[in-house]
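Examination of the molecular architecture
Each chain, letter by letter, is given below.
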Amino acid sequence: MRRPLIAGNWKMNLDRASASALARSLKNSMATAGAERDMLLAPPYPYLAAVAEILEGTRIILAAQDVSPFDSGAYTGQVSTGMLLDLGCTATLVGHSERRAISGDTDEIVHDKVVKALDAGLHTVLCVGEVESERERGEAESVVRRQLSVALDGVRADQASLKLSVAYEPVWAIGTGKTATSADAQEMHHEIREFLESSFGGDVSARVRILYGGSVKPSNAGELLAAEDIDGVLVGGASLDAESFSAIYSA
Ligand code: PGA
């Protein structure tokens, strides 16, 4: 009942020409692929408009990598939900570990962004995940539960049901070539599903897609996606190459 969601986070990579070329070639491979999966692309802000134009009329979901928790005003460097909608974006990532580690996004800021994005009707991909030392201390589950409970405080069940996805990205697996085993990932995804059930009820938790992220590539995507509670993947490095991202899409 959950359609797999294959998401590409381009981070701060590419230039206008290569971003457009990548979008064009994914559009072409999507046109020939089956319709039983969703694809989401998160280009850097400056290329959203160019990519939006290329993706117009396709089923590919255009996402931002982050969003401001404010509506408008004196917030230099920030981009609001209204601006994203204006550009043709229908989705956004929130709480990516690089935002948390490098740009100071606390659990509370992530919460404010999630609420703002959901209130604007954007499909919101909330990213959570523990760092290596937390996993070593046996705290992975409690860290992820804390991130979820702060971020989703006050979110309504209907918003979660229609517009929320969660991406579990163990920080030690991002860009390192290390991947959680599908069994470890499944265990955490199951915990996340239980958290969603206790917060929003069984109908909602059965609908929310939980993606795995961290060094996903064509060679491991199939096994990850076969796990019961892994409903998609969030791909960084391997999403920058049309061939490898298309291979993950059809894995
Ligand atoms: P990676 O990044 O696939 O390069 O590990 C994943 C992510 O940060 O979303």
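Please read all numbers here as calculations on a predicted model, not as lab measurements. All residue numbers refer to positions counted from 1 along the written sequence of the respective chain. Local features are withheld for residues below a pLDDT of 70 in this predicted model, meaning they are given only at 70 or higher, and side-chain atom pairs are given and counted only at 80 or more; totals for whole chains, interfaces and linings count all residues. The side-chain quantities take in all heavy atoms of the structure and omit both hydrogens and water.

What to know about the pairing of strand E8 (residues 232-235)
Burial of the side chains of E8 extends over both faces: Gly-232 and Leu-234 are buried on one face and Val-233 and Val-235 on the other. Any two strands between which DSSP finds at least two bridges are classified as paired. Strands are runs of DSSP state E lasting at least two residues, helices are runs of H or I lasting at least four, and both sets are numbered from the N terminus onward. Two strands pair when backbone bridges link them, and strand E1 (residues 5-9) and E8 are joined in this way by 4 bridges, in the parallel orientation. Residue pairing across strands places Ile-6 opposite Val-233, the latter belonging to E8. Pairing analysis gives 3 bridges linking strand E7 (residues 209-213) to E8, with the strands arranged parallel. Residue pairing in the sheet places Gly-213 in a bridge with Leu-234 of E8. The buried label goes to any residue with under 20% of its type's maximum accessible area, the exposed label to any with over 50%, and the partly exposed label to all in between, with areas taken from a 1.4 Å probe on protein chains only.

As for unusual backbone geometry
Unusually for a residue other than glycine, Leu-14 sits at a positive phi of about 75°. Take Leu-14: it is sitting in the loop between E1 and helix H1 (16-32). Among the residues examined, Leu-14 registers a relative accessible area of 29% and is labelled partly exposed. Even without being a glycine, Ser-215 presents a positive backbone phi close to 55°. Within the secondary structure layout, Ser-215 lies in the loop between E7 and helix H11 (218-226). According to the relative accessible area criterion, Ser-215 is buried, its value standing at 16%.

Details of the nonpolar core
Soluble, globular proteins show a tendency: their nonpolar side chains are buried together. Take the buried residues of types Ala, Val, Leu, Ile, Met, Phe, Trp, Tyr and Cys, join any two whose side-chain atoms come within 4.5 Å, and each joined set is a nonpolar core. If you look at the biggest cluster of nonpolar residues, it comprises 66 residues, and the most contacted ones within it are Val-114, Leu-126, Leu-148, Leu-152, Ile-192, Leu-196 and Tyr-212. Contact definition: two residues touch when any of their heavy atoms are within 4.5 Å. Once you skip the residues sitting within four places of it in the chain, Leu-196 turns out to touch Leu-152, Leu-164, Gly-201, Ser-205, Val-208 and Ile-210. Formed by 13 residues, the second largest nonpolar core is a distinct cluster that contains Leu-5, Ala-63, Leu-93 and Leu-234.

Details of the packing of aromatic side chains
Only Phe, Tyr and Trp rings are paired, with Trp represented by its six-membered ring, and only when their centres lie within 6.5 Å; those with planes under 30 degrees apart are stacked, over 60 edge-to-face, the remainder tilted. Under the counting rule described, the total for this entry stands at 2 aromatic pairs. On the basis of an interplanar angle of 5° and a centroid distance of 4.0 Å, the ring pair of Phe-70 and Tyr-75 is categorised as stacked. Judged by its relative accessible area of 33%, Tyr-75 is partly exposed.

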